[in-house]
Amino acid sequence: MSDQPTTGQEAEELTLREAMLPTKLREWRAKLSAKAKQEKRFRFYSLYGLVSHPEMLAEAWAQVRANGGSAGVDGITIEQIEMEGEEAFLEKLAQELRGKTYRTGAVRRVYIPKANGKMRPLGIPNIRDRVVQAAVLLILEPIFESDFLDCSHGFRPGRSAHDALEVIRENLAKGRCTVIDADMEGYFDSIPHDKLMACLRMRVVDGSVLRLIKQWLDAPVEERDENGKIRRKRNKQGTPQGGVISPLLANIYLHWFDRVFHGKDGPAQWAKAVLVRYADDFVIMARYAGADLQRFVDEKIEDWLGLKINREKTQVIDLRQEGQTLDFLGFSFRYDSDLHGRDQRYWNMHPSKKSLARERERLREMTGSNQSHTPLPDLIGRLNRHLKGWANYYRPGYSRCAFREINRYVRERLTRHLRRRSQRAWRPPEGKSIYSQLERMGLIYL
């Protein structure tokens, strides 16, 4: 699963991808969605044949190939499958599924750095397992999407982080300025398997599909220690980040928190509170957050769902108080005074300090000493592509100051890059500044 929230543009691309599905697959998904919406208690019992259908596997393979990614434990790459023949690969996989001889492989565990300096574990399944997971996702997604509530925004077709941020901004303007900013500790690694399977059975009773999912949950995790020794272990809980189907499973489990929050005895009724959730990141907004609201969160997350709240990071914030800030999905919300000296205040939404620090670190890596021999046009092209993506996400709100800071930083880094390329310091043409020369060479300005 990607660590980067989905932007509005990416949400539109997901919707477009749905429209580009083969006609038969679109019809199947539309029928599943319609049935699920019409009969909220209906449980689907005959789905396995769709998972193993050649057209379904072909589309699943196309999506896995488009997403790219490295090989799993078996070492087989996408390029290798293409060279040896996609048709033979898919036919063998279909035979295993139809004969019910398919068995999942181990998951390769890697670690990527987090903003706080810690490491985030990712699980990389074999490509064949990613294809089957993508096929199951294509079938289950329309069923559970019909149940998900509007408060959930993460990793859903047609929804994005920008939608969640806009809901927060609207509710701040309505006076819901007391916020419970909750943080769950290791959510993806701590989902109880038995409870997750019970959530799945609320809608799906096809034993063959459920056994596939149970295989993926129980798959051994393989990683190398600092000495290169391979270790394997089976997890009794969690769904590894990096699996194709993990985001959907994570949303299915927390959907029940959404349901009880909005139920007749939930805070949406007695506290007029609003829940905004993006996968496992969520905030609760109210005019006043008393002990009852905090107790509800503790009981439902820890006692009922069996998860763990990070007490150090979970906090209650009154954003009307001077200096209080809410950080969510890379943005900061703050009640600021008017910059022009007028006796007015407004809700400021801008890239957070952590987001700017992460971006500076990324730009430092992209222009480091190991790039000294990279042709300048190539380096500027890479930077432009990266900066466009970053600016696309952080454009909402009041981002001008942050953009100016990034513009200044990237030009400073390129100036250093140019001056260390040779023994003689690089100089721009006569009468030109370095910044104007970089602009002439195509470096964009946010």
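Thresholds, definitions, all that
- Residues numbered from 1 in each chain as written.
- Predicted model: local features only at pLDDT ≥ 70, side-chain atom pairs only at ≥ 80, totals over all residues.
- Heavy atoms only, no water.
- Helix = DSSP H or I, 4+ residues; strand = E, 2+ residues; numbered from the N terminus.
- Buried < 20%, exposed > 50% of the residue type's maximum accessible area, 1.4 Å probe, protein only.
- Contact = heavy atoms within 4.5 Å.
- Lys, Arg positive; Asp, Glu negative; His and termini not counted.
- Salt bridge = Lys/Arg side-chain N within 4 Å of Asp/Glu carboxyl O.
- Core = buried A, V, L, I, M, F, W, Y, C linked by side-chain atoms within 4.5 Å.
- Pairing = 2+ DSSP bridges.
- Axes fitted to C-alpha atoms, helices over the stretch in contact; angles between N-to-C directions.
- Phe/Tyr/Trp six-rings, centres within 6.5 Å; stacked < 30°, edge-to-face > 60°.
- Patch = residues over 30% accessible without salt bridge, like charges linked within 9 Å, V, L, I, M, F, W, Y side chains within 5 Å.
- Areas by Shrake-Rupley, 256 points an atom, 1.4 Å probe, with all protein chains shown as cover.
- Charge placed at Lys NZ, Arg CZ, Asp CG, Glu CD.
- Parallel < 35°, antiparallel > 145°, perpendicular 65-115°, else oblique.
- Left-handed = near helix turned anticlockwise from the far one by under 90°.

Asks: Outline the side chain of Ser332, supporting the account with residue identities and numerical values.
Replies: As for its placement among the helices and strands, Ser332 is situated in strand 10 (residues 331-337). Taking relative accessible area as the criterion, Ser332 reaches 5% and is therefore assigned buried.

Asks: Give a description of the environment of Leu32 that names residues and reports values.
Replies: Examined against the element boundaries, Leu32 turns out to sit in helix 2 (residues 23-38). Contact partners of Leu32, with chain neighbours within four places excluded, come to Phe44, Leu47, Leu50, Ile139, Pro142 and Ile143.

Asks: I'd love a proper account of the side chain of Glu359, names of residues and values included.
Replies: Within the secondary structure, Glu359 is located in helix 15 (residues 353-366). The side chain of Glu359 sits in the buried core without any salt bridge; Arg362 is the nearest counter-charge, 6.7 Å away. Each residue touching Glu359, except ones within four places of it in the same chain, is listed here: His386, Leu387, Trp390 and Ile406.

Asks: Please give an account of the nonpolar core that cites residues and values.
Replies: Counting 77 residues, the largest nonpolar core has Val131 and Ile213 as its most contacted members. Considering each element in turn, this core owes the most residues, 12 residues, to helix 7 (residues 127-145).

Asks: Account for the pattern of salt bridges, naming residues and giving values.
Replies: With the rule as written, the count across this model stands at 27 salt bridges. Ionic pairing is found between Arg98 and Glu91, a salt bridge with its closest N-O pair at 3.3 Å. Classification of Arg98 as partly exposed rests on a relative accessible area of 44%. Through salt bridges with shared partners, one network takes in Lys40, Asp147 and Arg203.

Asks: Explain the sheet that holds strand 6 (residues 274-278) residue by residue, including any values.
Replies: Reading across the sheet, the four strands line up as 6-7-3-8 and stay open at both edges, with antiparallel pairing between neighbours. Of all strands in the sheet, those with a lone pairing partner are strand 6 and strand 8 (315-318), marking the two edges. Here the strands of the sheet are splayed against their neighbours by 20° on average, with no regard to which way each runs. Across five bridges, strand 3 (residues 178-182) lies against strand 7 (residues 281-286) in antiparallel orientation. The residue of strand 7 that forms the bridge with Asp181 is Val283. Helix 8 (residues 161-173) contacts strand 6 and strand 7 of the sheet and is inclined by roughly 160° relative to strand 6. Along the sheet, helix 12 (residues 246-262) contacts strand 6 and strand 7; its crossing angle with strand 6, the most-contacted strand, is approximately 175°.

Asks: Give me the packing of aromatic side chains: which residues, what numbers.
Replies: Per the counting criterion, the structure on display carries 16 aromatic pairs. When the centroid spacing of 5.4 Å and the interplanar angle of 70° are considered together, the rings of Tyr187 and Phe188 count as edge-to-face. In this pair, the class of Tyr187 matches that of Phe188, namely buried. Their ring planes at 70° and their centres at 6.1 Å tell us that Phe261 and Phe296 sit as a pair that is edge-to-face.

Asks: Break down the sheet that holds strand 10 for me, with residues and values.
Replies: Here three strands make up an open sheet; going across it, the order is 9-10-11 and the pairing antiparallel. Edge strands, defined here as strands with exactly one partner in the open sheet, are strand 9 (325-328) and strand 11 (345-351). Shown here is a sheet whose adjacent strand axes are inclined to one another by a mean of 25°, direction ignored. Both strand 10 and strand 11 contribute to a ladder of seven bridges, which runs antiparallel.

Asks: Give me a positive patch on the surface: which residues, what numbers.
Replies: A surface patch of like charges, here positive, comprises Lys118, Lys313, Lys354 and Arg358. With respect to the element layout, Lys313 can be found in the loop between helix 14 (291-304) and strand 8.

Asks: Describe the packing of helix 7 against helix 11 (residues 207-218), and please don't skip the residues or the numbers.
Replies: Following both chains from N to C, one finds helix 7 and helix 11 inclined at 130°, their axes separated by 11 Å at the closest point. Taken together, the axes of helix 7 and helix 11 lie oblique to each other. Pair helix 7 / helix 11 crosses with left-handed handedness. Across the interface between the two elements, Val132, Gln133, Val136 and Leu140 from helix 7 touch Val209, Leu212, Ile213 and Trp216 from helix 11.

Asks: Would you mind going over the environment of Pro192 in detail, with residue names and values included?
Replies: Along the chain, Pro192 falls in the loop between helix 9 (187-190) and helix 10 (193-201). Sequence-wise, Pro192 and His350 are 158 residues apart; in three dimensions their C-alpha atoms are separated by 36 Å. Not counting residues within four places of it along the chain, the set of residues in contact with Pro192 comprises Gln237, Tyr253, Leu305, Gly306 and Leu307.

Asks: Got a sec to walk through unusual backbone geometry? Specific residues and values, please.
Replies: The phi dihedral of Lys100 falls on the positive side, at around 55°, and the residue is not glycine. Along the polypeptide, Lys100 turns up in the loop between helix 6 (86-98) and strand 1 (107-113). The phi angle at Leu329 is positive, at roughly 55°, despite the residue not being glycine. Relative to the assigned elements, Leu329 resides in the loop between strand 9 and strand 10. Owing to a relative accessible area of 12%, Leu329 belongs among the buried residues under this scheme.

The values reported here are purely geometric and, on their own, carry no functional implication.
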